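Residues per chain are reported as follows:
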Amino acid sequence: MQFPNLSPELFSISIFGMELSLRWYALAYIFGILIAWRLAVMAVRRPALWPANQPPATPAQIEDLLTWIIIGVIIGGRLGFVLFYQPGYYLQNPLEILKVWQGGMAFHGGLLGVIIATWLYTARHNLPRLSMADLVAHVVPPGLLLGRLANFINAELWGRPTDLPWGVIFPGAAAQDCPGIEGLCARHPSQLYEAALEGLILGALLLWLVYRRGALKRPGLVSGVFFAGYALARFLVEFVRQPDSQFVEPGNPLGLAWHVGSYGLTMGQLLCLPMMALGVWLIVRARRTPST
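Residues numbered from 1 in each chain as written. Predicted model: local features only at pLDDT ≥ 70, side-chain atom pairs only at ≥ 80, totals over all residues. Heavy atoms only, no water.

Undergrad: A description of the packing of helix α1 (residues 24-44) against helix α2 (residues 59-84) should follow, citing residues and the corresponding values.
TA: For any two helices packed against each other, the geometry comes down to the angle between their axes and how far apart the axes lie. Look at α1 against α2: their axes get within 10 Å of each other, and the N-to-C directions meet at 150°. Crossing geometry of α1 relative to α2 is assigned as right-handed. Residue-level inspection shows Y29, I33, W37, A40, V41 and V44 of α1 in contact with α2, the latter providing P59, I62, E63, L66, I70 and V73. (Axes fitted to C-alpha atoms, helices over the stretch in contact; angles between N-to-C directions. Helix = DSSP H or I, 4+ residues; strand = E, 2+ residues; numbered from the N terminus. Left-handed = near helix turned anticlockwise from the far one by under 90°. Contact = heavy atoms within 4.5 Å.)

Structure below.
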């Protein structure tokens, strides 16, 4: 199917010769953060959800933590992209690291930024870390959903060529560069796969665990399900996602970051492995802890 006529910009205005625009991707970040904030406040206002009926933080503390998390997302996401995907380029051009408006953010780096920011905040205010991790984890999927939809609107991060009926003909020379394919090249809409798996399905599962199964009473369970669930979803989608161009070589057309011959793993899959291990460990640990 043909890519719909969508603009990455919601609107654009010119002020004193400068072009200012609001992009769907920026809007996804804004609304993702706002939704996460409201979901977190809703959870802490229901003491019965928490161990000993005691929420780990107040609504005011959540607002304070939000600032830390935003900084963690920006710094972690950018440094993650620099270190995981293009370290050689940025080592030679260090000032380019600061140009975040040109794009280049990595989810796994942003996640590390959020973990570090939350860890530091909980240490400073003596808050229960695992319960705070659960609080943050269960409100992340809406932002992932909106972010992946914005990736689709931007016609970026598309998948590998496919002849399936829902394959999308993305615009641009790069998207149409499909060796061995004559005519228009359709690709997997991998952004939509991730939006459904990481955002919609994982988000619904976490909310069900929180509000129907009392999962927050076992500290670490919700964050474990989030880590393992995201890692599994991303690992699977990587099989149909277009490989990172910096890893593509004549003997490595699939862009595998680690491989033996034609078999191996992409960088996204490699980064998901420790995330999966951490998630499983947290789930096992939480299930061994009596619910209170």
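Past the structure itself, the notes keep going.
Undergrad: Please set out the environment of L146 residue by residue, giving values where relevant.
TA: Tracing the backbone through its elements, the reader meets L146 in helix α6 (residues 141-153). Placed 118 residues apart in sequence, L146 and A28 show a C-alpha to C-alpha distance of 5.1 Å. Beyond its immediate chain neighbours, meaning those up to four positions away, L146 contacts A28, F31, G32 and I35.

Undergrad: Before we move on, can you summarise the nonpolar core with the specific residues and values?
TA: Counting 39 residues, the largest nonpolar core has W50, I62, L135, F226 and M275 as its most contacted members. Elements represented by at least two residues in this core include exactly α1, α2, α4 (107-125), α5 (129-137), α7 (190-212), α8 (221-237) and α9 (267-287). Sort the elements by how many residues they give to this core and α8 lands first, with seven residues. (Core = buried A, V, L, I, M, F, W, Y, C linked by side-chain atoms within 4.5 Å. Buried < 20%, exposed > 50% of the residue type's maximum accessible area, 1.4 Å probe, protein only.)

Undergrad: For the state of the cysteines, give the residues involved together with the corresponding values.
TA: Tallying each qualifying case throughout the model produces one disulfide. Each sulfur of the disulfide joining C178 and C185 lies 2.0 Å from the other. On the sign convention where negative means left-handed, the S-S torsion of about -85° between C178 and C185 marks this disulfide as left-handed. In this structure C178 comes out as buried when scored by relative accessible area, which is 6%. Accessibility expressed as a relative area gives 1% for C185, which makes it buried. (Disulfide = S-S within 2.5 Å.)

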